[in-house]
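Observations on chain architecture
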2 protein chains.
Amino acid sequence: MVEKPKAVVLLSGGLDSTTVMAIAHKKEYDLYPLTVIYGQRHQREIESAKAVAEHYGVADRHIIVEVDSRLFKGSSLTENLEVPSDGVMDPNIIPNTYVPGRNTLLLSHALSYAESIGASFICYGANALDYSGYPDCRPQFVDAYQNLINMATKQTTAGNYLKLEAPLMHMTKAEISAEGLSLEAPLNLTWSCYKGGETPCGVCDSCRLRAKGFDEIGKSDPALA
Amino acid sequence: MVEKPKAVVLLSGGLDSTTVMAIAHKKEYDLYPLTVIYGQRHQREIESAKAVAEHYGVADRHIIVEVDSRLFKGSSLTENLEVPSDGVMDPNIIPNTYVPGRNTLLLSHALSYAESIGASFICYGANALDYSGYPDCRPQFVDAYQNLINMATKQTTAGNYLKLEAPLMHMTKAEISAEGLSLEAPLNLTWSCYKGGETPCGVCDSCRLRAKGFDEIGKSDPALA
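To start, this report covers the structure provided alongside it. (Residues numbered from 1 in each chain as written. Chains lettered and ligands numbered in written order. Predicted model: local features only at pLDDT ≥ 70, side-chain atom pairs only at ≥ 80, totals over all residues.)

In terms of helices and strands, chain A carries 7 helices and 5 strands. Ordered by position from N to C terminus, the α and β elements of chain A give β-α-β-α-β-α-β-α-α-β-α-α. Over its C-alpha trace chain A gives a radius of gyration of 17 Å, about what one expects of a compact globule, namely 17 Å for 225 residues. Dimensions of chain A, computed from the C-alpha atoms along their principal axes, are close to 50 × 35 × 30 Å. (Helix = DSSP H or I, 4+ residues; strand = E, 2+ residues; numbered from the N terminus. Rg over C-alpha atoms; globule rule 2.2 N^0.38 Å.)

With an axial shift of 0.0 Å and an RMSD of 0.0 Å, the rotation relating chain A to chain B amounts to 180 degrees. Such a combination of rotation and displacement between the chain copies is what one expects of a two-fold axis. A shared binding surface is used by both copies, with 100% of the interface residues of chain A retained as interface residues in chain B. (Least-squares fit on C-alpha atoms with pLDDT ≥ 70 in both. Contact = placed C-beta atoms within 7 Å.)

Take helix 4 (residues 139–152) of chain A next. Look at helix 4 of chain A: 20 Å from first C-alpha to last across 14 residues, which is about the 20 Å you get at 1.5 Å a residue. Every buried residue of helix 4 of chain A is accounted for by Phe141(A), Val142(A), Ala144(A), Tyr145(A), Leu148(A), Ile149(A), Met151(A) and Ala152(A). On its buried face, helix 4 of chain A is in contact with helix 3 (102–117), helix 5 (154–157) and strand 5 (163–165) of chain A together with helix 3 (102–117) and helix 4 (139–152) of chain B. (Expected span 1.5 Å × (residues − 1). Buried ≥ 20, exposed ≤ 12 C-beta atoms within 10 Å, placed from the backbone.)

Moving on: the packing of helix 3 of chain A against helix 3 of chain B. It is at 9 Å that the axes of helix 3 of chain A and helix 3 of chain B come closest, and there the two elements cross at 165 degrees. For the element pair helix 3 of chain A / helix 3 of chain B, the angle class is roughly antiparallel. In the packing of helix 3 of chain A onto helix 3 of chain B, the handedness of the crossing is left-handed. Residue-level contacts link Arg102(A), Thr104(A), Leu105(A), Ser108(A), His109(A), Leu111(A) and Ser112(A) of helix 3 of chain A to Arg102(B), Thr104(B), Leu105(B), Ser108(B), His109(B), Leu111(B) and Ser112(B) of helix 3 of chain B. (Axes fitted to C-alpha atoms, helices over the stretch in contact; angles between N-to-C directions. Parallel < 35°, antiparallel > 145°, perpendicular 65-115°, else oblique. Left-handed = near helix turned anticlockwise from the far one by under 90°.)

Moving on to the environment of Asp221(A). Residue and element names in this part refer to chain A. Mapped onto the elements of the fold, Asp221 is located in the segment after helix 7 (205–216). Given 20 C-beta atoms within a 10 Å radius, Asp221 is considered buried. The spatial distance from the C-alpha of Asp221 to the C-alpha of Tyr131 is 18 Å, given a sequence separation of 90 residues. When sequence neighbours within four positions are dropped, the list of residues in contact with Asp221 reads Arg210, Ala211 and Phe214.

Time to look at the interface of chain A and chain B. How big an interface is tends to be stated in terms of the accessible area lost upon association of its parts. The interface is formed by 36 residues belonging to chain A together with 36 residues belonging to chain B. Contributions of two or more residues to the side of chain A that touches chain B are made by strand 3 (63–66), helix 3, helix 4 and helix 5 of chain A. When residues in the side of chain A that touches chain B are grouped by element, the largest group, 11 residues, is from helix 3 of chain A. Class assignment of the residues belonging to the side of chain A that touches chain B gives a composition of 18 nonpolar, 11 polar and 7 charged. (Nonpolar A, V, L, I, M, F, W, Y, C, P; charged D, E, K, R; others polar.)

Residues and elements named next belong to chain B. Close contact between helix 6 (residues 173–182) and helix 7 (residues 205–216) brings their axes to 7 Å; oriented N to C, the two are set at 70 degrees. Looking at the two axes, helix 6 sits roughly perpendicular to helix 7. Every pair of crossing elements has a handedness; the one defined by helix 6 and helix 7 is right-handed. Residues Lys173, Ala174, Ile176 and Ser177 of helix 6 form the contact with helix 7, whose own contacting residues are Leu209, Arg210, Lys212, Gly213, Phe214 and Glu216. Grouping the amino acids of the contact of helix 6 with helix 7 by side-chain chemistry returns 4 nonpolar, 2 polar and 4 charged.

Residue and element names in this part refer to chain B. One can find Ser192 in the loop between helix 6 and helix 7. Taking the number of C-beta atoms within 10 Å as the measure of exposure, Ser192 has 26 and is therefore buried. Through-space distance from the C-alpha of Ser192 to that of Gly159 is 38 Å; in sequence the pair is 33 residues apart. The contact partners of Ser192, leaving out residues within four places of it in the chain, are Gly14, Leu15, Pro200, Ser206, Cys207 and Arg210.

Let us now look at the sheet that holds strand 5 of chain A. Residue and element names in this part refer to chain A. Read across the sheet, 5 strands follow the order 3-2-1-4-5 without closing on themselves; strand pairing throughout is parallel. Both edges of this open sheet fall to strand 3 and strand 5, since each of them pairs with a single strand only. Pairs of neighbouring strands in the sheet enclose a mean axial angle of 25 degrees, with direction left out of account. Here 3 bridges tie strand 1 (residues 6–10) to strand 4 (residues 121–123), and the two strands are oriented parallel to one another. (Pairing = 2+ DSSP bridges.)

Our next topic: the nonpolar core. In this structure, Val9(A), Ile122(A), Val9(B) and Ile122(B) are the most contacted members of the largest nonpolar core, which totals 122 residues. With near-sequence residues (within four places) excluded, Ile122(A) lies in contact with Val8(A), Leu107(A), Ala110(A), Leu111(A), Ala114(A), Leu162(A), Leu164(A) and Glu165(A). (Core = buried A, V, L, I, M, F, W, Y, C linked by C-beta atoms within 7 Å.)

Another point: the sheet that holds strand 2 (residues 30–37) of chain B. All names here are of chain B. Across the sheet, 5 strands lie side by side as 3-2-1-4-5; this open sheet has parallel pairing. Each edge of the open sheet is held by one strand with a lone partner, namely strand 3 (63–66) and strand 5 (163–165). Here the average twist between neighbouring strands, direction ignored, is 25 degrees. As paired elements, strand 1 (residues 6–10) and strand 2 share 5 bridges and run parallel to each other. Bridging from a neighbouring strand, Val9 pairs with Pro33 of strand 2.

The next thing to look at is the pairing of strand 1 of chain A. Counting buried residues along strand 1 of chain A, 4 of its 5 residues qualify, which places the element largely inside the surrounding structure. Taken together, strand 1 of chain A, helix 1 (residues 15–26) of chain A and strand 2 (residues 30–37) of chain A form a β-α-β motif whose crossover is right-handed. (Right-handed = clockwise from strand over helix to strand, strands pointing away.)

Right, let's get into the pairing of strand 2 of chain A. A regular strand carries its side chains on alternate faces of the sheet. All names here are of chain A. Burial analysis of strand 2 places 6 of its 8 residues in the buried class, which makes it a mostly covered element. As paired elements, strand 2 and strand 3 share 4 bridges and run parallel to each other. Bridging from a neighbouring strand, Leu34 pairs with Ile63 of strand 3.

Here the focus is unusual backbone geometry. Despite not being glycine, Glu28(A) has its phi angle at roughly 65 degrees, a positive value. Positionally, Glu28(A) belongs in the loop between helix 1 and strand 2. Residue classification places Glu28(A) among the exposed positions, given that 11 C-beta atoms sit within 10 Å. The backbone of Glu184(B) sits at a positive phi, close to 55 degrees, despite the residue not being glycine.

Put into structure tokens, the structure is as follows:
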């Protein structure tokens, strides 16, 4: 029996990363979910991440790590600033939900873990269509990170690949929702809202983008059922 | 009065990073030392890092963060494996003191912190001459990381630079020791040995490289006085 290739999946517990789990599962990767707590103001999405890992039968190897929140300043996701709720914005203005260097730091945790376990893939839910204009969600960023991986590790410099996959990069939120539903990803367990609370706020960028996605495919959001 | 440019300095507490502090201090950067604990088997070097920050009068802004050591496997610096002591090795074989993806992860902490405080520099003591063959100490790695920085942040994509400086890259250990002494870096406070204990072991790669440096310039190591 051929061993499945190992994949570290960055799992936030939202719609996108859960769909990435479903895609990696369909590709028959051996899933190693990694969740990074970086001082988000709420922990609701961490609970979602745990539930998604459980759904895929890999809760026992789901690693949840914490990053010191003193590294991050000026973001409404980590500090007591107003989360924008006035609709998805001018694409030239990066909103205050941007967390400095966050995705680089998430991926760098994934990189160490991936090399430690001999993984062939890091899977990451970046998306550059229906998104908030973050620089670290664009294809140029993914290319630059792949280039870094190729230079940075014993594994890659010895000629063994470690590929950064961002399968949602060129999908609209509607396409992501449709993909998640069609792969039977446990979207009912996910949480996308930037705020905490019992139910999603419905007005932050993340809620609006998610609702727009389901609207466009004429389906209801399983998490709101 | 012109404000000094801010610099995040990765400070391990060893000879190299302390010399980098001295160089950044000489350049009149405003120093923000950052120390990352990544499950090293000993904490001796953390104490050195604190003493060095104190020496430069920036102890109050010295941030010490911890990375979850479950991310790292297979290194003698984080697990109970034998640290090599048989001399600096075949340059084609990376020794077991390599920590998977470590420098990428250290720099990624520095990147978030640098962007958070609006720093213009990240200073890093990588060295590719008298070193242990680690892929993430080479100029190609630094170039790839700089390229990533340029793509990754709000600061850089808005046209404000954030430069990764590795001033020791092309220096021999002798040149680094001489530079540290000439800039009056507090080398007496530093710790380079891969092992813990009261005094440096004298036989690990790091001790051997350090001793060789001071030998070549005919000086005694202030930390051994």
